[in-house]
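Coordinate analysis (summary)
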Amino acid sequence: ELGLEDLVREILMIPKGETIDETTPFFELGFDSNLGLVLADRISKITGQSASPTLIFEFPNMKALKKNFQQHSVKQDSLVKKNQHHIGRLCVRSS
């Protein structure tokens, strides 16, 4: 099970022992628009929900993106309820 930080590490090939500040902008971490698409695609596959291809522009760092996931995880529609554990996993799993 991958958390958001795990996804970022995997996509950017950042070693597990290297610290990532969740407030560092995605672009400063090494993301570009193509890698942003990769992140959105991976999040979509994990959660079963469509993630915006402009995700890293809308939520410029992991902290902002996690906050968005937390807000959406309390929605009452059935798709979110069905996949809430996946969304929650992306929010809280950071190490």
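Residues numbered from 1 in each chain as written. Predicted model: local features only at pLDDT ≥ 70, side-chain atom pairs only at ≥ 80, totals over all residues. Heavy atoms only, no water.

Within helix α5 (residues 62-72) the residues assigned to the buried category are Met62, Leu65, Lys66, Asn68 and Phe69. Buried residues of α5, seen end-on, are gathered within an arc of 155 degrees and therefore sit on one face of the element. (Buried < 20%, exposed > 50% of the residue type's maximum accessible area, 1.4 Å probe, protein only. Helix = DSSP H or I, 4+ residues; strand = E, 2+ residues; numbered from the N terminus. Arc of directions from axis to C-beta.)

Attention now moves to the side chain of Arg9. Looking at where Arg9 falls in the secondary structure, it is placed in helix α1 (residues 4-12). Residue Arg9 is classed as buried on the basis of its relative accessible area of 8%. Apart from the residues lying within four places of it in its own chain, the contact partners of Arg9 are Ile14, Pro15, Lys16, Glu18, Thr19 and Ile20. (Contact = heavy atoms within 4.5 Å.)

Turning our eyes to something else, we now look at the nonpolar core. With 20 residues, the main nonpolar core has Leu4, Val8, Phe26, Phe31, Leu39, Ile43 and Leu65 as its most contacted residues. For this core, the secondary structure elements donating two or more residues are α1, α3 (33-47), α4 (55-58) and α5. The biggest single contributor to this core is α1, with five residues. Setting aside its immediate chain neighbours within four residues, Phe26 contacts Val8, Phe31, Leu39, Ile56, Phe59, Pro60, Asn61, Met62 and Leu65. (Core = buried A, V, L, I, M, F, W, Y, C linked by side-chain atoms within 4.5 Å.)

Taken as a whole and judged by the stated rule, the model has two aromatic pairs. Taking the centre distance of 5.3 Å and the plane angle of 80 degrees together, the rings of Phe26 and Phe31 count as edge-to-face. On the basis of relative accessibility, which here comes to 3%, the residue Phe31 falls in the buried class. A centroid spacing of 5.3 Å and a plane angle of 45 degrees characterise the contact between Phe27 and Phe57, whose relative ring orientation is tilted. Here Phe57 lies in helix α4 and Phe27 lies in helix α2 (residues 26-29), a separation of 30 residues in the sequence. (Phe/Tyr/Trp six-rings, centres within 6.5 Å; stacked < 30°, edge-to-face > 60°.)

Averaged over all residues, the pLDDT of the protein chain is 81; the fraction at 70 or higher stands at 74%. Here helix α6 (residues 78-92) stands out as the element of the protein chain with the lowest mean pLDDT, 49, in contrast to α2, whose mean of 96 is the highest. Under a pLDDT of 50 for its full length, residues 75-82 has, in the predicted model, nine contacts with residues more than four places off or in other chains. (pLDDT = per-residue confidence, 0-100.)

Glancing now at the packing of α1 against α3. Packed helices, taken two at a time, are described by their axes: the angle between them and the distance between them. Two elements in contact, α1 and α3, have axes whose closest approach is 11 Å; the angle formed by their N-to-C orientations is 140 degrees. The orientation of α1 relative to α3 falls into the category oblique. Here α1 and α3 pass one another in a crossing that is right-handed. Between α1 and α3, the contacting residues are Leu4, Leu7, Glu10, Ile11 and Leu12 on the first element and Leu35, Val38, Leu39, Arg42, Ile43 and Ile46 on the second. Split into classes, the residues belonging to the contact of α1 with α3 amount to nine nonpolar, no polar and two charged. (Axes fitted to C-alpha atoms, helices over the stretch in contact; angles between N-to-C directions. Parallel < 35°, antiparallel > 145°, perpendicular 65-115°, else oblique. Left-handed = near helix turned anticlockwise from the far one by under 90°. Nonpolar A, V, L, I, M, F, W, Y, C, P; charged D, E, K, R; others polar.)

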